[in-house]
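Chain residues, written in single-letter form:
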Amino acid sequence: MTDTPLTGGRPTADLAIVETRVYRGANVWSYDRSIHLVVDLGSLEQFPTNTIPGFTDSLVQMLPGLREHSCSRGRRGGFVERLNEGTWLGHVAEHAALALQQVVGHDIRRGKTRQVKGEPGRYNVIFGYVDEQVGLAAARLAVRLVNHLVEADPEFEWEDELEAFIKRASRTAFGPSTQAIVDEAVSRDIPWIRLNQHSLVQLGQGVHAKRIRATMTSETSSIAVDIASDKDLTTRLLGAAGLPVPKQESVRTVDQAVSVAKRIGFPVVVKPLDGNHGRGVCLDLQTDDDVREAFPIAAEQSRRGWVIVESFVTGKDYRCLIIDGRLAAVAERVPAGVVGDGTSTIEDLVETANADPRRGVGHEKVLTRIKVDDAAIERVRDQGFELTDVPDAGVQVKLALTGNMSTGGISIDRTFEAHPENVEIAEEAARIIGLDIAGIDFICPDITEPVRETGGAICEVNAAPGFRMHTHPTIGEPQFIAKPVVDMLFPPGAPSRIPIVAVTGTNGKTTTSRMISHIFKGMGRKVGMTSTDGVVIDERLLIRADASGPRSARMVLQNPRVDFAVFEVARGGILREGLGYERNDVAVVLNVQPDHLGLRGIDTVEQLADVKAVVVEAVPRDGHAVLNADDPLVREMRRRCSGQVVWFSMEEPGTEARDMIDAHCRRGGKALILAPSERGEMIVVKHGRREMQLAWTHLLPSTFGGRARMNVQNAMAAAAAAFAAGAPLHDIRQGLRTFSTNYYQSPGRLNEVEVNGVNVIVDYCHNAPGMRMLGDFVDRVGDSLDHELARPSRIGVIATAGDRRDDDMRELGEIAAQHFDVVVVREDQALRGRERGEVAAFVAEGVRRAMEAGARCKQVEVILDETEAIRHAMSRANRGDLVILCVDKHPQVMAELENWSNQAQAGSGASDDSPGADPDYTPAPPA
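Residues numbered from 1 in each chain as written. Predicted model: local features only at pLDDT ≥ 70, side-chain atom pairs only at ≥ 80, totals over all residues. Heavy atoms only, no water.

Focus on the overall build of the protein chain
Part 1 of the argument: Helix and strand counts for the protein chain stand at 30 helices and 38 strands.
Part 2 of the argument: When the backbone C-alpha atoms are referred to their principal axes, the protein chain occupies close to 110 × 80 × 65 Å.
Part 3 of the argument: A total of 927 residues make up the protein chain; the buried ones form 54% of that total.
Part 4 of the argument: In the protein chain, 67% of the contacts between residues at least 6 apart in sequence involve partners at least 24 apart.
Part 5 of the argument: Summed over all atoms, the accessible surface of the protein chain reaches about 39700 Å², with 47% contributed by carbon and sulfur. (Helix = DSSP H or I, 4+ residues; strand = E, 2+ residues; numbered from the N terminus. Buried < 20%, exposed > 50% of the residue type's maximum accessible area, 1.4 Å probe, protein only. Contact = heavy atoms within 4.5 Å. Areas by Shrake-Rupley, 256 points an atom, 1.4 Å probe, with all protein chains shown as cover.)

This is the structure we're talking about:
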């Protein structure tokens, strides 16, 4: 930001959006869903708001809601003060986007603007949203508005742009019924996921999930909906139960309709058999000709071509809302109409009524605008008027036959006035049809009197009844009817969330996630897990892909079988979309090492730690963060945790980490430590002053007798996470003792295979910190082999991803050279922006640099293709040698090793007939 803005020259409309990201969960900028814009001010960097004449007044006039924004001042009008004092236009775009969302009813107030470090004129603009598409549209319109106020755009018409934005928001907005239920769920801390762009919503997670679509729920009977859609069948069932219903018959032709009307007796009603919202309903038909005119209107709205002719019941129109078998609300529905004032025409009265700010298009507002169509004109004429006539003062003119809110009608709340007998009839009708949520339409003189005495009938039973007439009555008190709906789906005390464990770190995430999943699977839980290998539901791999991002997490939370979730959370997913969920009960941070630097604005390991800390910030007050006390960057994350911290450490007593843990446990905290003894190392669980032995590290299959120190650490982290999530110690112990690194339990992670006497380890190691841990393992395993043979060779096939920095690639090669006699450098199939051979050249350069400095490695070879590199390494190996394969496509590699072993057993050995020398050799398909 420039210290002294320029005062000369004229500003130009240079504000532009450079990059847009949508975070669908907690992220590095906010604890909730947010939109992130990177904007470039261009020349406007020199022009804060107080240097642009008339800017503030025009902006506030167009968006008066900005007067309510407090900004950093913490009081009403704070943002306007900032405008007058001078603030930069990226900040203005943030507040304009928030104000635009507030115009369409989205009460969002979260936002911040920060300059991009090292890039003058560029700003990170972050603000919250309710609907993703509305938030993005608000961002685009906010930028256009700011540019227009800086330099007038003749093609920019504010009123037109705002109206288009409002209509755009109304297309994707929830209807009033769905919104009422979602709001009630949010007030109870029930998570929700929107499943499409309409009204299909999931409430709850996993096995506890319920679905709603408007006012239909996952508990709504399909048969009941079919019955309610068939008005003839509905009337017959209700009549058979002794409930008051009008006489009626269903017909298919005009002549049949006239015949039935004569038999029932005029006046009659003609309506479609399976219509809704009052469409095609013709009331108070007095003659044969009326029936003939009404028949095609009703038939057009009938999906099956059947039309109902029933006796016309006089009285007022009442809607009784039944939820879970009990009356929740009653509303009197008054058809759309106007009342004369003696001076205005009917046309003018309608226009005045539609000017009511409560009226809008469709379900946009609490009332719907009155529509003057052919049916309305005909209805006015039936009452002896034309639209241009002036009715006398107090004379009511109806413009619709039915009292539906969707046709412009109004509602009057009568919930506490209904007679108990009428309430009983309505509840019985809903039970007979079988609907969990039903709208019972009564026609009777007065709902306060028993219909059996005053006359009246149930004219219709509606599945998925609208809530608007009850939540926003025109007259009377609103009824909070979403509460019994949510009570029905989630009775008091019923859970709506499943436990979520999120695992992050530079290395070890996948193995730790698998260990945690294995522990809880052994306890009988249906575990949903995401990792870099794919999405696993109850030990079944559903999707084979890198699934460590937020979309995969949402997929698990939508699965109705899952009752426990374990998410591997990668840096890229957090930066790209956030976590994809609201919070995690347990956050596990294994380590933070220099990897993936130089990508998406993350240039230092401290910045990388801030990204990883998002999962810790997502821990609620009753949750836990499992942190590695041996890593200084991870230790600092304890300050960001709202819940309890569970430490794990491999350090010896007397170190800084162990001293901190001891103090933590003296205060009643929890931790896992290693206790060395003559027999080996014991994992010990500490809780306050208590110490509980968990397992010997050398007896855990995944640790290779304690030599795989990275898996000792992973096992401790997994045990700490399981302990924090409530698992008993004996189940944790059993889970760790039965988890191994074989290919079926942990594909691509320290898979040990013996091929014709050669010891082969297949691993996914791909960065310098991981190679350092793998090298330690190789040394420990190699030392054990040295006792058996003179000096077996160590052959390593290594590679790294193309999006790493050049120096990181060289460092990988340098570290590998310290632990292998022969290094074969290959490349991944996906080059990630590099030229073919470029990555391998940097890695090989690092190996040669270490060789010149006296490293163990004596030879480095570059073979770019993964399969060819593995064949070459295996052809060089002799019995007893150790071969480490750092792989990209582990299924193909395991198939290749199996094929090599089979051919070797068949007698081919390592001669010229071996797989590595066969130009026509094709590897077996992935297992």
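Some thoughts on the environment of lysine 858
Part 1 of the argument: Tracing the backbone shows lysine 858 in the loop between helix H28 (838-852) and strand E37 (859-862).
Part 2 of the argument: A relative accessible area of 66% places lysine 858 in the exposed class.
Part 3 of the argument: Those residues in contact with lysine 858 that lie beyond four places of it in its chain are Asp821 and Met851.

Some points on the packing of helix H8 (residues 231-240) against helix H13 (residues 420-433)
Part 1 of the argument: With their axes 10 Å apart at the nearest point, H8 and H13 run at an angle of 120° to one another. As the angle between them shows, H8 and H13 are arranged oblique. Crossing handedness for the pair H8 and H13: right-handed. Where H8 approaches H13, its residues Thr234, Leu237 and Leu238 are matched on the opposing element by Ala429, Ile432 and Ile433.
Part 2 of the argument: Considering only residue class, the contact of H8 with H13 consists of 5 nonpolar, 1 polar and no charged. (Axes fitted to C-alpha atoms, helices over the stretch in contact; angles between N-to-C directions. Parallel < 35°, antiparallel > 145°, perpendicular 65-115°, else oblique. Left-handed = near helix turned anticlockwise from the far one by under 90°. Nonpolar A, V, L, I, M, F, W, Y, C, P; charged D, E, K, R; others polar.)

Description of the pattern of salt bridges
Part 1 of the argument: All chains considered together, the criterion is met by 70 salt bridges.
Part 2 of the argument: Measuring nitrogen to oxygen at the nearest pair gives 2.5 Å for the salt bridge that ties aspartate 610 to arginine 640. Of the two residues, aspartate 610 is situated in helix H20 (residues 605-612) and arginine 640 in the loop between helix H22 (632-635) and strand E29 (644-649); the sequence distance between them amounts to 30 residues.
Part 3 of the argument: By relative accessible area, arginine 640 is classed as partly exposed at 33%.
Part 4 of the argument: Linked through salt bridges whose partners overlap, the residues forming this network are Arg24, Glu132, Arg551, Arg554, Arg576 and Glu577. (Salt bridge = Lys/Arg side-chain N within 4 Å of Asp/Glu carboxyl O.)

A few points about the packing of aromatic side chains
The geometry of an aromatic ring pair is captured by the separation of the ring centres together with the interplanar angle, meaning the angle of the planes.
Part 1 of the argument: Applying the stated criterion across every chain yields a total of 6 aromatic pairs.
Part 2 of the argument: Note on phenylalanine 567 and tyrosine 581: the rings are 5.5 Å apart at their centroids and 40° apart in plane angle, and the pair reads as tilted. Taken together, the residues span a long stretch of sequence, with phenylalanine 567 in strand E26 (residues 564-568) and tyrosine 581 in the loop between helix H19 (571-577) and strand E27 (586-589) at a distance of 14 residues.
Part 3 of the argument: Phenylalanine 567 gets classed as buried once you look at its relative accessible area, which sits at 1%.
Part 4 of the argument: Between the aromatic rings of phenylalanine 704 and phenylalanine 777, the centroid separation amounts to 5.1 Å while the plane-to-plane angle is 65°, which identifies the pairing as edge-to-face. (Phe/Tyr/Trp six-rings, centres within 6.5 Å; stacked < 30°, edge-to-face > 60°.)

Things to note about the environment of alanine 152
Part 1 of the argument: Mapped onto the elements of the fold, alanine 152 is located in the loop between helix H4 (132-150) and helix H5 (158-172).
Part 2 of the argument: Along the primary structure alanine 152 and valine 130 are separated by 22 residues, whereas in three dimensions their C-alpha atoms are 31 Å apart.

Re the state of the cysteines
Part 1 of the argument: In total, this model carries 0 disulfides according to the counting rule given.
Part 2 of the argument: In this structure cysteine 641 is not part of a disulfide, and its nearest cysteine sulfur, from cysteine 665, lies 15 Å away.
Part 3 of the argument: We classify cysteine 641 as buried; its relative accessible area is 13%. (Disulfide = S-S within 2.5 Å.)

Description of H20
Part 1 of the argument: Within H20, burial applies to Val605, Leu608, Ala609, Val611 and Lys612. The buried residues of H20 occupy an angular sector of 155° when projected down its axis, which confines them to one face.
Part 2 of the argument: Where the residues of H20 are buried, they touch strand E22 (500-504), H19, helix H21 (614-617) and H22. (Arc of directions from axis to C-beta.)

Digging into the packing of H4 against H5
Part 1 of the argument: Packing of H4 against H5 leaves a shortest axis separation of 10 Å and a crossing angle of 170°. Taken together, the axes of H4 and H5 are roughly antiparallel relative to one another. Within the contact between the two elements, H4 uses Gln133, Val134, Ala137, Ala138, Leu141, Arg144 and Leu145 and H5 uses Trp158, Glu161, Phe165, Arg168, Ala169 and Thr172.
Part 2 of the argument: Tallied by class, residues from the contact of H4 with H5 come to 8 nonpolar, 2 polar and 3 charged.

Remarks on the pairing of strand E21 (residues 457-463)
Part 1 of the argument: Of all 7 residues making up E21, 6 are buried, and the element is well covered by its neighbours.
Part 2 of the argument: Looking at chain direction, strand E20 (residues 437-444) and E21 are connected through 6 bridges and run antiparallel. Pairing of phenylalanine 442 across the sheet is with isoleucine 458, part of E21. (Pairing = 2+ DSSP bridges.)

Quick notes on the sheet that holds E20
Part 1 of the argument: The antiparallel open sheet is built from 5 strands, whose spatial order is E19-E14-E13-E20-E21. Only two strands of the sheet have a single partner each, and these edge strands are strand E19 (410-413) and E21. Averaged over all adjacent pairs, the angle separating strand axes in this sheet is 30°, with direction ignored.
Part 2 of the argument: Where strand E13 (residues 316-323) lies against E20, 8 bridges are found, and the strand directions are antiparallel. Following the sheet pairing, leucine 321 is matched in E20 by glycine 439.

With respect to a negative patch on the surface
Part 1 of the argument: A contiguous patch of negative charge on the surface is contributed by Asp289, Glu293, Asp374, Glu378 and Asp382.
Part 2 of the argument: Put simply, the parts of the chain that give the negative patch at least two residues each are helix H10 (288-300) and helix H12 (374-382).
Part 3 of the argument: At 3 residues, the largest contribution of residues to the negative patch is made by H12.
Part 4 of the argument: On the secondary structure map, aspartate 374 appears in helix H12. (Patch = residues over 30% accessible without salt bridge, like charges linked within 9 Å, V, L, I, M, F, W, Y side chains within 5 Å. Lys, Arg positive; Asp, Glu negative; His and termini not counted. Charge placed at Lys NZ, Arg CZ, Asp CG, Glu CD.)

Remarks on the nonpolar core
Part 1 of the argument: Ranked by size, the top nonpolar core spans 51 residues in total, and within it Phe567, Leu579, Tyr581 and Leu627 carry the most contacts.
Part 2 of the argument: In this structure phenylalanine 567 touches Ile500, Val501, Ala502, Val503, Ser513, Thr530, Ala553, Val556, Leu557 and Tyr581, once residues within four positions along its chain are discounted.
Part 3 of the argument: With 48 residues, the next largest nonpolar core counts Phe55, Val92, Phe127 and Ala137 among its residues. (Core = buried A, V, L, I, M, F, W, Y, C linked by side-chain atoms within 4.5 Å.)

Description of the side chain of glutamate 310
Part 1 of the argument: Assignment of secondary structure puts glutamate 310 in strand E12 (residues 307-311).
Part 2 of the argument: Polar side-chain contacts of glutamate 310 include one of 2.6 Å to the side chain of glutamine 248.
Part 3 of the argument: Contact partners of glutamate 310, with chain neighbours within four places excluded, come to Pro246, Lys247, Gln248, Ile264, Val268, Val269, Lys271 and Cys459. (Polar contact = N/O pair within 3.5 Å; in protein donor to acceptor, adjacent residues only side chain to side chain.)

Some words on the sheet that holds strand E2 (residues 34-40)
Part 1 of the argument: What the 4 strands build is an open sheet, ordered E1-E2-E4-E3; its pairing is antiparallel. Two strands lie at the open edges of the sheet, namely strand E1 (16-23) and strand E3 (111-115), each paired on one side alone. Ignoring strand direction, the axes of neighbouring strands in this sheet form an average angle of 15°.
Part 2 of the argument: The pairing of E3 with strand E4 (residues 122-128) spans 5 bridges and is classified as antiparallel. By the bridge assignment, glutamine 115 is partnered in E4 with tyrosine 123.
Part 3 of the argument: Docked against the sheet, helix H3 (residues 89-103) engages E2, E3 and E4, running at close to 20° with respect to E4.
Part 4 of the argument: Each of E1, E2 and E4 is contacted by H4, which is oriented at about 165° to E1, the strand it contacts most.

Some words on a nonpolar patch on the surface
Part 1 of the argument: Nonpolar side chains collect at one region of the surface, where Leu542, Ile543 and Met555 lie side by side and expose about 240 Å² of accessible area between them.
Part 2 of the argument: Summarising the element assignment, leucine 542 is placed in strand E25 (residues 540-544).
Part 3 of the argument: A relative accessible area of 46% means that leucine 542 is categorised as partly exposed.

Focus on unusual backbone geometry
Among all residues except glycine, the phi angle is most often negative; among peptide bonds, the trans geometry is most common.
Part 1 of the argument: Each neighbour pair has its own omega, and for phenylalanine 266 with proline 267 the value is -5°, a cis peptide bond.
Part 2 of the argument: Within the secondary structure layout, proline 267 lies in the loop between helix H9 (254-264) and strand E10 (268-272).
Part 3 of the argument: Within the chain, histidine 596 stands out as a residue other than glycine whose phi angle is a positive 65°.
Part 4 of the argument: For arginine 600, which is not glycine, the phi torsion reads 50° and is therefore positive.
Part 5 of the argument: Within the element layout of this structure, arginine 600 appears in the loop between E27 and H20.

Quick look at the pairing of strand E24 (residues 534-537)
Part 1 of the argument: Pairing between strand E23 (residues 527-531) and E24: 4 bridges, direction antiparallel. Directly across from methionine 529, in E24, lies its bridge partner valine 536.
Part 2 of the argument: Taken together, E23 and the strand that follows it, E24, pair antiparallel across an intervening segment of 2 residues.
Part 3 of the argument: The sheet contact formed by E24 and E25 spans 4 bridges and is antiparallel. The residue of E25 that forms the bridge with glycine 534 is arginine 544.
Part 4 of the argument: Linking E24 to E25, which pair antiparallel, is a turn of 2 residues; within it aspartate 538 sits at a positive phi near 50°.

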